[in-house]
Amino acid sequence: QLTDAGSNTYKASYNPIDPKNYNESKNVDLTVDVEFAPDKPTLSNDTYTYNGSEQSVEINGFDNATMVIEGTNMAIDVGRYTFTVKSKNGKWSDGTKEPVTFNWVIEKATATVPDGLKASQGEKLSDIPLPEGWSWDKPDTQLTDAGSNTYKASYNPIDPKNYNESKNVDLTVDVEFAPDKPT
């Protein structure tokens, strides 16, 4: 089996079927030019999470000099994508010739839970601003207990194609003690 790409010299012998018209040759140097056939590439990861930026699939063993990509190997939005990698010389090191097909996906992101929320006793949840898309499940709840308290909120994404909706999420609010007003 020829394994080293490039120009290689091997010893060869020739035993003619017709010795009357052809001479036998032994241990003759024979130069063979072997074309490089790359190893098939693989994927490091086939599942990504939406992040708002273009994401490029990491292809292990990919070499621009010996391979070409056809299809979608970079994307921004949530979806399922497919691309193929072809050997430029039409064959792989394992002897196969078919392009390698890869399927990959960008999944929806889950919004970051707001933190650092602060309020004073006597205020309502509706007095505490939340990031865009977030809302209190019971905005009229009066904050009566000082300290770190947990309240339910939901996230309704502005971009539902790329973000998951979240319901009944616990948000922590640090409620500052407010002394009673003198009468």
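Structure shown above.
Bear in mind the structure is a predicted one, so any value in this text is a computation, not a measurement. Within every chain, residues take consecutive numbers counted from 1 along the sequence as written. In keeping with the model being predicted, local features are shown solely for residues with a pLDDT of at least 70 and side-chain atom pairs are shown and tallied solely at 80 or more, while totals for entire chains, interfaces and linings include all residues. To obtain the side-chain values, all non-hydrogen atoms of the structure were used and water was disregarded.

1. Regarding the sheet that holds strand β14 (residues 166–176)
Piece 1. Strand pairing is assigned whenever DSSP detects at least two bridges linking the two strands. Here a helix means four or more residues in a row that DSSP labels H or I, a strand means two or more in a row labelled E, and each is numbered from the N terminus. Read across the sheet, four strands follow the order β11-β14-β13-β12 without closing on themselves; strand pairing throughout is mixed. Because the sheet does not close on itself, it has two edges, and the strands there are β11 (117–120) and β12 (134–136). Direction aside, neighbouring strands of the sheet carry axes that sit 45° apart on average.
Piece 2. In terms of strand pairing, β11 meets β14 through four bridges, oriented parallel. Note on geometry: axes are lines fitted to C-alpha atoms, helical ones only across the stretch in contact, with angles between N-to-C directions running from 0 to 180 degrees.

2. Considering the pattern of salt bridges
Piece 1. Any carboxyl oxygen of Asp or Glu within 4 Å of a side-chain nitrogen of Lys or Arg constitutes a salt bridge here. The full count for this structure, using the stated rule, is seven salt bridges.
Piece 2. The salt bridge partner of Lys 11 is Asp 29, with a shortest N-O separation of 2.8 Å. Of this pair, Lys 11 sits in strand β1 (residues 6–14) while Asp 29 sits in strand β2 (residues 25–34), and the two are 18 residues apart along the sequence. As far as the burial class goes, Lys 11 and Asp 29 line up, both exposed.
Piece 3. Of the charged contacts, one joins Lys 152 and Asp 170 as a salt bridge, the two residues approaching to 2.7 Å between their closest N and O atoms. Of this pair, Lys 152 sits in strand β13 (residues 147–155) while Asp 170 is found in strand β14, placing the two residues 18 residues apart along the sequence. Each residue's exposure class comes from its accessible area (1.4 Å probe, protein chains only) as a fraction of the maximum for that residue type: buried when under 20%, exposed when over 50%, partly exposed otherwise.

3. Remarks on the packing of aromatic side chains
Piece 1. In summary, the pairing rule links any two rings of Phe, Tyr or Trp, Trp by its six-membered ring, whose centres are within 6.5 Å, and it sorts them by plane angle into stacked for under 30 degrees, edge-to-face for over 60 and tilted for everything else. Applying the stated criterion across every chain, the model contains six aromatic pairs.
Piece 2. Residues Tyr 48 and Trp 104 carry aromatic rings whose centres are separated by 5.7 Å and whose planes lie at 85° to one another, so their mutual orientation is edge-to-face. Pair noted here: Tyr 48 is in strand β4 (residues 47–49) and Trp 104 is in strand β10 (residues 100–107), with a separation of 56 residues, a long-range link. The same class applies to Tyr 48 as to Trp 104, namely buried.
Piece 3. Here the aromatic rings of Tyr 50 and Tyr 163 are separated by 5.4 Å at their centres, their planes lie at 80°, and the arrangement is edge-to-face. Of this pair, Tyr 50 sits in the loop between β4 and β5 (55–56) while Tyr 163 sits in the loop between β13 and β14, and the two are 113 residues apart along the sequence.
Piece 4. Looking at Tyr 50, the relative accessible area reads 12%, which means it is buried.
Piece 5. Looking at Tyr 163, the relative accessible area reads 25%, which means it is partly exposed.

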